[in-house]
Amino acid sequence: MTKVVIAVVGSGPGGLSAAARAAGIGVSHVLLEQTAAHANTIQRYQKGKHVMAEPNVLPLRSPLAFAAGTREKILDEWARGLAAQNVNVRYGAEVVAISGEKGDFHLKLQDGSEVLAENVILGIGLQGNPRRLGVPGESLPCVQYTLDDPEEYQGETIVVVGAGDAAIENAVALSKQNTVYLINRAGEFARCKDGNLTLILKTIEAGKVNCLYSTQCSSLVETPEGAKPYELSLTTANGQMQLPCDRIIARLGAIPPRKFVESCRIKFPSSDPTSLPLLSANYESNVAGLYVIGALGGYPLIKQAMNQGYEVVEYIRGTPVTPADEPLLQSKLAGILGHLSVTATLQSMQARIPIFAEVNPLMFRELMLGSSVHVPKAGEVVFKRNDYTNSFYTIFSGSVEIQVDENDPAKRVVLSTGQFFGEMGLLSGRRRTATALAGRDCVLIETPRRDVLKLLSSVDAAKAVVDHTFIVRAIQSGFAPQAATDELLPIAANSKLNRFRAGQVLFTEGDEADSLHLIRSGSVSVLRSIGGREVVTSYVAAGNYVGEMGLLGNTQRSATVRATVATETISLNAATFGELLQKNPRLRQELEETVRQRVASNTHLQGQDHAGELISFLLKQGLGEATDVLLIDETLCVGCDNCERACAATHGGTSRLDRAAGPTFANVHVPTSCRHCEDPHCMKDCPPDAIRRSPNGEVFVGDNCIGCGNCERNCPYGVIHMSGPPPEQPSLMSWLMFGGSKESVYSKLQGLGRSHHHEPAAIDAPKAVKKAVKCDMCKGQDGGPACVRACPTGAALRVNPEEFVTFVKQEASRF
Amino acid sequence: MYESLLNHANRRYLRVSLWLCGISVALYVWHDPLSPPNGGTWLGYTLGGIGAALILWLTALGIRKRSYSSAMGTLRGWTSAHVYLGLSLLLISTLHSGFQFGWNLHTLCYALMVIVIASGIVGVVAYQRYPQLMSANRAGSKPDRLLEEIQDIDQRALRIARGMPRRFADLLRANRDGTALGGSTRNILAGRDSSVLMVPSNKGAVSSPNSGQSAALTWLGDELARSTDGELSRRIGDLLSLLAERRNLLRRLCRDAQIRGWLDIWLYIHVPVTLALLGTLVAHVVSVFLYW
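Keep in mind it's a predicted model, so treat the numbers as computed, not measured. (Residues numbered from 1 in each chain as written. Chains lettered and ligands numbered in written order. Predicted model: local features only at pLDDT ≥ 70, side-chain atom pairs only at ≥ 80, totals over all residues. Heavy atoms only, no water.)

1. Description of the overall build of chain A
Regarding its fold elements, chain A presents 25 helices and 43 strands. Compactness check: chain A gives a C-alpha radius of gyration of 29 Å against a globular reference of 28 Å for 815 residues, within 12% of the reference. Restricting the contact set of chain A to residue pairs at least 6 apart, pairs at least 24 apart contribute 68%. Total accessible area on chain A stands at roughly 35,100 Å², and carbon and sulfur atoms take up 51% of it. Here chain A contributes 80 positively and 85 negatively charged side chains, and the mean placements of these two sets differ by 1 Å. (Helix = DSSP H or I, 4+ residues; strand = E, 2+ residues; numbered from the N terminus. Rg over C-alpha atoms; globule rule 2.2 N^0.38 Å. Contact = heavy atoms within 4.5 Å. Areas by Shrake-Rupley, 256 points an atom, 1.4 Å probe, with all protein chains shown as cover. Lys, Arg positive; Asp, Glu negative; His and termini not counted. Charge placed at Lys NZ, Arg CZ, Asp CG, Glu CD.)

2. So, the packing of aromatic side chains
Residues and elements named next belong to chain A. Per the counting criterion, the structure on display carries 18 aromatic pairs over all chains. Summarising the aromatic geometry, the rings of Y539 and F804 are spaced 4.6 Å apart at their centres and angled 85° between planes, so their arrangement reads as edge-to-face. Remark: F804 occurs in helix α25 (residues 801-812) and Y539 occurs in strand β32 (residues 533-541); sequence separation between them is 265 residues. For the pair shown, Y539 and F804 are each scored as buried. The rings of F383, Y393 and F421 are connected pair by pair, giving a single aromatic cluster. Just above the ring of Y299 sits the side chain of K454; from NZ or CZ to the centre is 6.0 Å. For the cation-ring pair, R473 lies above F420, with the distance from its terminal atom to the ring centre recorded as 5.5 Å. (Phe/Tyr/Trp six-rings, centres within 6.5 Å; stacked < 30°, edge-to-face > 60°. Buried < 20%, exposed > 50% of the residue type's maximum accessible area, 1.4 Å probe, protein only. Lys NZ or Arg CZ within 6 Å of the ring centre and 35° of its normal.)

3. Notes on the domain arrangement of chain B
All names here are of chain B. Examined at the domain level, chain B breaks down into domain 1 (8-138 + 265-290) and domain 2 (143-260). A separation of 49 Å is found between the C-alpha centroids of domain 1 and domain 2. Taken together, the six residues of domain 1 in the interface contact eight residues of domain 2. Between domain 1 and domain 2 the total buried area reaches about 760 Å² when both faces are included, carbon and sulfur atoms providing 59% of it. Connecting domain 1 to domain 2 are one salt bridge. For D256, the salt bridge is made with R138, and the minimal N-O distance between the two is 2.7 Å. Linking domain 1 with domain 2 are three residue pairs in polar contact (both at pLDDT 80 or more). Residue contributions to the side of domain 1 that touches domain 2 peak at five residues, all from helix α5 (residues 105-138). Classifying every residue of the side of domain 1 that touches domain 2 by side-chain character gives four nonpolar, one polar and one charged. (Domains from an automatic or database assignment. Buried area = accessible area lost by both parts, 1.4 Å probe. Salt bridge = Lys/Arg side-chain N within 4 Å of Asp/Glu carboxyl O. Polar contact = N/O pair within 3.5 Å; in protein donor to acceptor, adjacent residues only side chain to side chain. Nonpolar A, V, L, I, M, F, W, Y, C, P; charged D, E, K, R; others polar.)

4. Remarks on the sheet that holds strand β24 (residues 412-415) of chain A
All names here are of chain A. If you trace the four strands from one edge of the open sheet to the other, you get β21-β26-β23-β24, paired in antiparallel fashion. Single-partner strands in this sheet number two, and they are β21 (381-383) and β24. On average, adjacent strands in this sheet sit at an angle of 30° to one another, irrespective of strand direction. (Pairing = 2+ DSSP bridges. Axes fitted to C-alpha atoms, helices over the stretch in contact; angles between N-to-C directions.)

5. A look at the pattern of salt bridges
Evaluation of the coordinates by the stated rule reveals 37 salt bridges over all chains. The shortest N-O distance in the salt bridge between E148(B) and K202(A) comes to 3.2 Å. Taken as a pair, E148(B) in helix α6 (residues 143-161) and K202(A) in helix α5 (residues 194-205) lie in two separate chains rather than in one. Judged by relative accessible area, K202(A) falls into the partly exposed class, the value being 32%. A salt bridge links K228(A) to D246(A), with the shortest nitrogen-to-oxygen separation between them at 3.1 Å. Of this pair, K228(A) sits in the loop between β14 (216-222) and β15 (230-236) while D246(A) sits in the loop between β16 (239-245) and β17 (247-250), and the two are 18 residues apart along the sequence.

6. Quick word on the side chain of R21(A)
Residues and elements named next belong to chain A. The residue R21 is located in helix α1 (residues 13-24) in this model. Residue R21 is classed as buried on the basis of its relative accessible area, which comes to 19%. When sequence neighbours within four positions are dropped, the list of residues in contact with R21 reads P63, Y310, V313, E314 and R317.

7. A look at the domain arrangement of chain A
Residues and elements named next belong to chain A. The domain architecture assigned to chain A consists of domain 1 (3-128 + 256-324), domain 2 (143-253), domain 3 (327-480), domain 4 (494-609) and domain 5 (627-724 + 769-799). Between domain 3 and domain 4, the contact holds 11 residues from the first and 18 residues from the second. With both chains or domains summed, domain 3 and domain 4 bury close to 1,300 Å², and 68% of this area falls on carbon and sulfur atoms. Linking domain 3 with domain 4 are one salt bridge, by the criterion used here. Its salt-bridge partner being R520, residue D467 comes within 3.3 Å of it at the nearest N-O pair.

8. Let's talk about the interface of chain B and chain A
The partner chain A presents 57 residues to the 48 residues of chain B that form the contact. Summed over both partners, the interface of chain B with chain A buries about 4,600 Å², with 60% contributed by carbon and sulfur atoms. For chain B, the biggest contributors to the area lost against chain A are M1(B), Y2(B) and Y68(B); these three give 22% of the whole. Taken together, the links from chain B to chain A amount to one salt bridge. Viewed at the interface, chain A and chain B are joined by 15 residue pairs in polar contact (both at pLDDT 80 or more). Listing elements by their share of the side of chain B that touches chain A, those giving two or more residues are α3 (61-66), α4 (75-97), α5, α6, α7 (166-177) and α10 (230-290) of chain B.

9. Considering the pairing of strand β22 (residues 392-397) of chain A
Residues and elements named next belong to chain A. Most of β22 sits out of view: six of its six residues are buried. Pairing between β22 and strand β27 (residues 443-447): five bridges, direction antiparallel. Directly across from F392, in β27, lies its bridge partner T447. Inspection of the sheet shows β22 paired to strand β25 (residues 420-421) by two bridges, in the antiparallel sense. Opposite Y393, over in β25, you have F421 as the bridge partner.

10. Re the environment of D32(B)
Looking at the secondary structure, you find D32(B) in the loop between α1 (8-30) and α2 (42-59). As for D32(B) and V286(B), which are separated by 254 residues in sequence, their C-alpha atoms are 26 Å apart.

Below you can see the structure in the form of structure tokens.
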């Protein structure tokens, strides 16, 4: 068996680029791809999808071409490149184990064969392998794990296996023109989005999908003489059954690649599923000769991965290249570089700033690419109290002064070189709790939220420091602005950071009251048991505290407190709190005042029959994590849709708001419109980091969106959609009368008795470039959100958590 | 926290409007011209000037409404002022006329203005009254969803009919195909269900009115009365309850369309007549100055 110099595992953008580079310079290599075609993830994009080439500023360094274009064009281009470079590709070659060491790696394949290589480049992405059916016959050709185009199948009997969102969406889409069975292992649908739950239950009820609950597949056989070509055996609650079918679509989720990667002896810094493998500046893992590139290494963008593929081959050959991003860093650091090189400057940053000390150089480089360097003048405001920004600052040199006491601007805490600030806004997703002013000769590094979260999930030491500092500062700003930071250290050491899942109880009515919770992120609802029924009596947002009554002398909890969304709190026990009371004599008075107000508010709400129901309804609509939400009063709304038109007119012709959609309770309607969550779900997995939060709190999508649709899928409220160019303008007359109108319900009424089936959409119509659009709260426009400004009747109102309780009080009193 | 257009800013524009009316009436009473009061006195010209300016400004709401990026107040404020000052125009222009009406261009102009204001009043009343009724009628659902539910019922009913004699499926299809809501503006505004049902009979199919599913329910009722088969009776019972539900849904849809209709219809008078008013206003002003 011959040994190659480089074995590349996975033919994604990174792997392709690496193999093509190796082929181009005559290095012996093999590219191992487990499926039958290159770039499987991109092959699975929908037909005609436009693929973007972010980040635009980054130059491409690869023998293969890549520019923004349709999926087909890019895949063709790569296929041509592979042929032109004469790349040695083995398709259908799934690597199941990698053993050996640098110079002598053994790659074991699924079919039992082995590949020998001196070096291995791992570029297998994060998608993972689909979970298999796991029954005899699973490799028959009728079993598939994806569904590209539901319209492709007509008149078939199709069995969909699974109970998640993908299974439900496939089953419903196929049910229009096929007989569909859905196999659900459980007795209900517990893992899907609410919208899909309603959809599937309705479809099942209408008899369009036959759902078999508590059922598992046991085997699959070919039946050449039967009515259908295959027969699936099932184990149901009532025994065995046979199901003749044409096709089986298994949507059982994917097995994350982490286990495989760990089996190759590559180490991860923590057990956090989002943490990334430790890599050297040359993308080499802790196993010498084993390199990791692309999404698996934390670089989700196509161009980054292609550049890495090229660079890593050069490193292996021993001809180091300056990374493609060098010029970008050079211009970013221009203000402070002096005579030093980029690498030297980055090294001095890591040496000076403790929380960056343990970050590996490659990751730090990436972090700095996302960050910006500021050289503010002395006295300049870095950020203001109540700003909504959530970036993180570290002090490279000079000092920064923080105004910790709102009432006394002269009282400042001075932070010096190496320290950090801004972690409160970052971690809670709430407004800034203090104003930061630059000191003398100040150089600051501002790092966006996403990069910091990546850092914290990968480097435990950094996380511990940030968490500890957060507690000290939270106590300081919440209870003891007068106390010096040092005095608070012992108190902070006795405090606990707690995490609660959505719905989890912090404490129960009647429990012994022994601690107070300062809510650092998320929110909680307060419930009381009245006549054997739990009634929501209040809602408390992040930045406030609950359980204070217990520490002021009451020994029993007077109410149950439950997390409305994933929530983090800092709990202080009675002894620790006693120390705080000594440090701040005014504190007791302040707390008593809070208790008084809360009791008054609670009794007020309890007096109103429907207040609890209204709070519960609004919390279900995501107000527990909202920072600003549009609520429409149905007794005032005339349905003119001027809000939607205003939204479209001020946002390039596409409305980000669907007024009529969304649920209604009593008179309060929650339209489909962004809630601007404090910890936005949409931000979680945005490859180009295009979703940001502005100082005023608006969560918006930047121009560098690549249209991947992750945010649309991640948003639990369905308020983001992918949109192409705007629709045509209405005619002059309809504009004069109504400002242009949508398809009216009357035209549908007239069509009621006639046709019931839908025209199939043109399948091969070219897809326009689609990008994510969502409400940006009319950021940058005078006068506030256009939807509210354009409402002629006063039915549209935006509410933030601080006004939430007042809102409920007023609305409940109108029932 | 909500503030309706009538309550905007503590009814600031109601107060402005009342002041304007009060001053106008006081001046009219105090003013004692040589001729009987008319548009040609100094007060007449003043009131006419104010009235014409008001008309132009009131018309400008149409432009402000579409200036979506305008930060000049809120549209609610503008609409509030539009309503109250629009009402004051009725008094101001009447005083301007000095109660001299005749079969001439000037009175035509006045009449058009009254039509515009009257249709506006209909609009304000509709805006105050109907949203609440619409919300109650929809009960948290939406017209599109009601339509889907009706289609759902049709399919469920046809599935039940599969095991029944053919005439049942025929009737259900006829019931579905004969369903007609809306259609003409008059039907929509009256909330009329103009469905028909082609009932199979010995003399071939006969068309009967099927408002509120009446004909279909009667037909099924007759079948039930005749039926001696237990299973068939049970199925007819199921169909009856489905059609009763269908009737409720159709009623709600009709009502919804009716309310939406009344919320919109006044605009079809208000806007075109305003354009006509602007034309006659120009003619009125020009002619007055020509004959001066």
